[in-house]
Every structure is written in structure tokens, then in C-alpha cells.
Amino acid sequence: MEIDMQTPDVLMGLAFGIPASAGDEVGQENGHRWDPTDCDEKAPPPARTALRMECDFSYLPNHDEDAHFCHARAGVVGVADGVGGCRGDGVDAAEFSRGLMANAYNAVAAASSSGICPYTLLEIAWAYVGDSAFAVFRGGRLLLRALPQQHYFNCPFQLSAVGGDRVKDAAVGEFPVEEGDVVVAGTDGLFDNVFDAKLEGIVQMCTALSLTPGKMAQAIGRLAYDMARSSRESPFSAASREQQGTNFTGGKMDDITVIVAFIVS
């Protein structure tokens, strides 16, 4: 998919009147947040439905150190954020993230070469280290949100060939999916700049407009891009004040990777 820094034409001129923080009804457990009211609203389907994934992405580089992949046939996506602090040591942070995603994609492709049973896509399974994250939406509402792993403010868990955190430190889990669910995954360039409630609002609007995963990813990426360059409150500035006592207000300039996956039959 071609990188497009423009908002989809169908969204031009729309205003997003969304509160600047997520609603309190989203609970938290085991490093993830979920909406317990949604879990009880619908009875399970009477029969197993063959599900698959449609996915696309948007990438807006700043230092150009993010990497990602989408493998729709296997139902697997991945994102990686190069550690910007390594630039001061003369290390190419992009080389690590791109190598990691290339190896992951090759492993997924090899595993899926024998064919994928559609009934295996009945739940999402995740593993992540650091502050790249994901969110699951059902009926337009935020149902599940991965929380970042951080040692302290702006210092996330990070993989390294020498020292650093390890793969065994990853947050892992599973969650059942349904037809119509929307999964949004991204690096911290997204989640440091967009509050959950704003993300929920744009997912609702894009869904109502029947946008494709690619167009939804572009719209979300453009929102994060604009927030990163604004003086408005952001998750990053709110955390900076809360955890470090600063007076900083505004977004965080960073690479922005957004992957949107639709769960369809």
C-alpha cells in the first residue's frame, strides 16, 4: 500500500467532538483494559463461523525507525519501534526493528504455507514487549486495550542483542473475536498522541462511512500526526505531568505506524 499522508477525501471537513480522555467504564486486568459490559451483552453464536482477517496499514515516518508486517492469510500482524535512544551511540535503530519484522514475517509465511483453517481465527493471541500496543473494538466500542510496558516514563521495555529486556518478558494473552470486530495496532507514535476515546470516535466514524482498513488506518494515522504537532493535551503530555511533574502540553513527534484489521467471515 502506498503511504498517503492525506486524510481520505470522505473525511475532509469532519469535526471530531470527542472527549480528551477515555471513558471510566473500561476496566483493567492483567495488563489490559476491557469493557466488561460488552462481554455480557451478546450470547455466543450458536455455531462456529469461519472468520478471516482483512488488514492494511498507514506509516508516517519521522526518524523512519518503525517496521511492520501484515499477513492477512495467516491472520497475523506485527509492529516494531526502533529504540531512538540508540541513535546517540551511532546505532541504526531501524536495522533492528526491520530485521525483527522481516524474520517474523518469514516465520509466519513458512508456517502458513501448508494452508490455514479458517476456524482457527476464533480468537486473537498477542505477545508484545514495550509500548507498541493494540486495541479491539466491537460495535464501535473499545473492548480491549493493551497497556504499555515501561520501566519508567518514556523508557519502555525494549529488546536488545546485549542487555535490555528479553522475549520472555512479553505480555501475552488471548481474546475471542467476532465478525465485525476491528483491531487497531500501532507503535507509540499512535498511542502517545491519541486518547482512547478519540480513537474510539474515529473508528466509529470510519465504520459508519464503510471505509476500508487502509482508509481507516490513514485517517487514524493522520489524527496522530496532527496531534503530535499540536499544543493540545495528549496521552504523552498527561503522563509527563503525572509521572514527572512537568508543565509540558502537546503531542510527541515520532514515527507513526497504524495497522487496522477487520474480522470478517
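Residues numbered from 1 in each chain as written. Predicted model: local features only at pLDDT ≥ 70, side-chain atom pairs only at ≥ 80, totals over all residues. Heavy atoms only, no water.

Q: Just to check I follow, could you spell out the overall build of the protein chain for this structure?
A: On a plain count of helices and strands, the protein chain comes out with six helices and 13 strands. Scored against the burial criterion, the 265 residues of the protein chain give a buried share of 45%. Taking the intrachain contacts of the protein chain between residues at least 6 apart in sequence as the baseline, contacts between residues at least 24 apart amount to 72%. Summed over all atoms, the accessible surface of the protein chain reaches about 13,200 Å², with 53% contributed by carbon and sulfur. (Helix = DSSP H or I, 4+ residues; strand = E, 2+ residues; numbered from the N terminus. Buried < 20%, exposed > 50% of the residue type's maximum accessible area, 1.4 Å probe, protein only. Contact = heavy atoms within 4.5 Å. Areas by Shrake-Rupley, 256 points an atom, 1.4 Å probe, with all protein chains shown as cover.)

Q: Even after reading the chapter, I still don't get the environment of D188, so can you show me in this structure?
A: Following the sequence through the fold, D188 ends up in helix α3 (residues 188–191). Each C-alpha atom of the pair D188 and D81 lies 7.9 Å from the other, and the pair is 107 residues apart in sequence. Excluding residues that lie within four positions of it along the chain, D188 makes contacts with D81, D131, S132, N193, K252 and D254.

Q: Honestly, helix α6 (residues 235–244) in this entry has me stumped. Any pointers?
A: An α-helical turn contains 3.6 residues, so any two residues separated by three or four positions project in the same direction. Inspection of α6 places P235, F236, S237, A239 and S240 among the buried residues, and these make up the whole buried set. Elements that come into contact with the buried residues of α6 comprise α3. One or two positions beyond α6, positive phi appears at G245, with a value near 70 degrees.

Q: What should I look at first to understand the packing of aromatic side chains in this one?
A: Two aromatic rings are characterised by how far apart their centres lie and by the angle between their planes. Summed over all chains, the structure comprises five aromatic pairs. The interplanar angle of 50 degrees and the centroid separation of 5.1 Å between the aromatic rings of W126 and F134 together place this pair among those described as tilted. Relative accessible area serves as the criterion here: at 13%, W126 is assigned to the buried category. Measuring from ring centre to ring centre gives 6.0 Å for F236 and F248, while their planes differ by 85 degrees; the resulting arrangement is edge-to-face. Placement of F236 in helix α6 and of F248 in the loop between α6 and β13 (256–264) is noted, with a sequence separation of 12 residues between them. (Phe/Tyr/Trp six-rings, centres within 6.5 Å; stacked < 30°, edge-to-face > 60°.)

Q: Even after reading the chapter, I still don't get the packing of helix α4 (residues 196–208) against helix α5 (residues 213–228), so can you show me in this structure?
A: The relative placement of two packed helices comes down to the angle between their axes together with the axis-to-axis distance. Relative orientation of the contacting elements α4 and α5 amounts to 150 degrees, with a least axis distance of 10 Å. Every pair of crossing elements has a handedness; the one defined by α4 and α5 is right-handed. Contacts from K198, L199, I202, V203, C206 and T207 of α4 reach α5 at M216, A219, I220 and L223. When the residues that make up the contact of α4 with α5 are grouped by side-chain class, the tally is eight nonpolar, one polar and one charged. (Axes fitted to C-alpha atoms, helices over the stretch in contact; angles between N-to-C directions. Left-handed = near helix turned anticlockwise from the far one by under 90°. Nonpolar A, V, L, I, M, F, W, Y, C, P; charged D, E, K, R; others polar.)

Q: Can you walk me through α5 in this structure?
A: If you check α5, its first and last C-alpha atoms are 22 Å apart, about what 16 residues at 1.5 Å a residue would give, namely 22 Å. In terms of residue burial, α5 counts as a mostly covered element, since 13 of its 16 residues are buried. (Expected span 1.5 Å × (residues − 1).)

Q: Just checking my understanding: could you explain the pairing of strand β4 (residues 66–71) for this structure?
A: Walk down a regular strand and you will see the side chains alternate between the two sheet faces. Bridging between β4 and strand β5 (residues 76–81) involves six bridges; their strand directions are antiparallel. Bridge pairing in β5 places D66 opposite D81. Between the antiparallel neighbours β4 and β5 lie four residues, among them G75 with a positive phi of about 75 degrees. (Pairing = 2+ DSSP bridges.)

Q: What am I meant to see in the confidence of the model for the protein chain here?
A: Averaged over every residue, the pLDDT of the protein chain is 83; the share at 70 or more is 78%. Confidence drops under a pLDDT of 50 for residues 1–30, and excluding neighbours within four residues, the segment shows 59 contacts in the predicted structure. (pLDDT = per-residue confidence, 0-100.)

Q: Can you walk me through the nonpolar core in this structure?
A: As a rule of thumb, nonpolar side chains are buried together in soluble globular proteins. Formed by 50 residues in total, the largest nonpolar core has its most connected members in F134, V184, L199, I220 and V260. Apart from the residues lying within four places of it in its own chain, the contact partners of I220 are V184, L190, L199, I202, V203, V258 and V260. Judged by nonpolar contacts, the second largest core, of five residues, contains A67, F69, M101 and V108. (Core = buried A, V, L, I, M, F, W, Y, C linked by side-chain atoms within 4.5 Å.)

Q: Any chance you could explain the environment of D92 here in plain terms?
A: Of note, D92 is situated in the loop between β5 and α2 (93–112). The class for D92 is partly exposed, based on a relative accessible area of 45%. Engagement of the side chain of D92 in a polar contact is seen with the backbone nitrogen of A94, the distance being 3.0 Å. (Polar contact = N/O pair within 3.5 Å; in protein donor to acceptor, adjacent residues only side chain to side chain.)

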